[in-house]
Amino acid sequence: VCSSDLAATVAWAEAVISAAARAGADLAVVDIDCDLGDLSMELLRRCGEILVTATATAGGVLDAYRSTATLRRLGLRDRLGHVVNRARPEVDLGEAMVDLGATVVAEIPEDSALVRAESLHRVAALDGDGPVANAVTALAVHIEDLVRRAEPASARPRWGSHAG
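About the thresholds
- Residues numbered from 1 in each chain as written.
- Predicted model: local features only at pLDDT ≥ 70, side-chain atom pairs only at ≥ 80, totals over all residues.
- Heavy atoms only, no water.
- Salt bridge = Lys/Arg side-chain N within 4 Å of Asp/Glu carboxyl O.
- Helix = DSSP H or I, 4+ residues; strand = E, 2+ residues; numbered from the N terminus.
- Buried < 20%, exposed > 50% of the residue type's maximum accessible area, 1.4 Å probe, protein only.
- Pairing = 2+ DSSP bridges.
- Axes fitted to C-alpha atoms, helices over the stretch in contact; angles between N-to-C directions.
- Contact = heavy atoms within 4.5 Å.
- Core = buried A, V, L, I, M, F, W, Y, C linked by side-chain atoms within 4.5 Å.
- Polar contact = N/O pair within 3.5 Å; in protein donor to acceptor, adjacent residues only side chain to side chain.

A.B. asks: Can you explain the pattern of salt bridges? Please cite residues and give values.
C.D. replies: For the structure on display, the rule yields five salt bridges. Residues Arg-86 and Glu-118 are paired through a salt bridge, measuring 2.8 Å at the closest nitrogen-oxygen approach. Of the two residues, Arg-86 is situated in strand 2 (residues 80-87) and Glu-118 in helix 5 (residues 112-120); the sequence distance between them amounts to 32 residues. You can call Arg-86 buried: its relative accessible area is 18%. When its relative accessible area of 49% is taken as the criterion, Glu-118 is described as partly exposed. Between Glu-144 and Arg-148 there is a salt bridge, with its nearest N and O atoms 2.7 Å apart. A residue pair is termed a helical-turn pair when its members lie 3 or 4 positions apart in one helix, as Glu-144 and Arg-148 do in helix 6 (residues 131-149) at four residues. Taken together, the shared-partner salt bridges in this structure form one network comprising Arg-86, Glu-110 and Glu-118.

Below, the structure written as structure tokens:
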């Protein structure tokens, strides 16, 4: 998105999310990769919570360090939480999470259900009640608690308070 298109793009995003809110949605999930352009920055500023994913690999931990450091430099420290993805018992991320000062809000375990869900382009939690579904449900409960504790809708812009 070019800077000249930012106002139009933000207006479009706000219109889409406002329509979802009018339909009863209390939450907007925004998946931002490594792009920190104008639109991404605008969306991040509106987030109530930003979850950084730390995959249980050396590269995944390095990415989590970089992402966390960047988001802190941008003044978003107080909104950061971390999700450990594909957690495995033989990989201890405890020291890395402590070093990051990370609050781990969920650990999604490595499971064949993830591979199947990715292959079918489905949410892993929809296919049964195994460890992945339980972990995703726990993450959903965490997010739902955030929504419940949020300020009244009249005191804040509706679409930006729960994006993340």
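Next comes the rest of the account.
A.B. asks: Please set out the sheet that holds strand 1 (residues 50-55) residue by residue, giving values where relevant.
C.D. replies: One open sheet accounts for three strands, arranged 1-2-3; its pairing is parallel. Bordering the open sheet on either side are strand 1 and strand 3 (104-109), each of which pairs with just one other strand. Adjacent strand axes in the sheet meet at a mean angle of 20°, parallel and antiparallel pairs treated alike. Of the pairings in the sheet, the one linking strand 1 to strand 2 comprises six bridges and is parallel in character. Each bridged residue has a counterpart across the sheet, and for Ile-50 the counterpart in strand 2 is Leu-80. The sheet contacts of helix 3 (residues 58-73) involve strand 1 and strand 2, and relative to strand 1 the element is tilted by about 160°.

A.B. asks: Run through the nonpolar core, naming residues and quoting values.
C.D. replies: Membership of the largest hydrophobic core comes to 19 residues, with the highest contact counts inside it found for Leu-44, Ile-50, Leu-71, Leu-93 and Met-97. When residues of this core are traced back to their parent elements, those giving at least two are helix 2 (38-46), strand 1, helix 3, strand 2 and helix 4 (94-100). In contact with Leu-93, not counting residues within four places along its chain, are Ala-54, Ala-56, Val-61 and Val-84. Judged by nonpolar contacts, the second largest core, of eleven residues, contains Ile-108, Ala-113, Leu-114 and Leu-139.

A.B. asks: An account of the environment of Asp-145 is needed here, citing residue identities and associated values.
C.D. replies: Relative to the elements of secondary structure, Asp-145 occurs in helix 6. The class of Asp-145 is partly exposed, set by a relative accessible area of 28%. Of the polar contacts made by the side chain of Asp-145, one reaches the side chain of Arg-148; its length is 2.9 Å.

A.B. asks: How would you sum up unusual backbone geometry? Please name residues and give values.
C.D. replies: Of note, the phi angle at Arg-86 is positive, near 60°, even though the residue is not glycine. Positive phi outside glycine occurs at His-121, with the angle close to 55°. Considering the arrangement of structural elements, one finds His-121 in the loop between helix 5 and helix 6.

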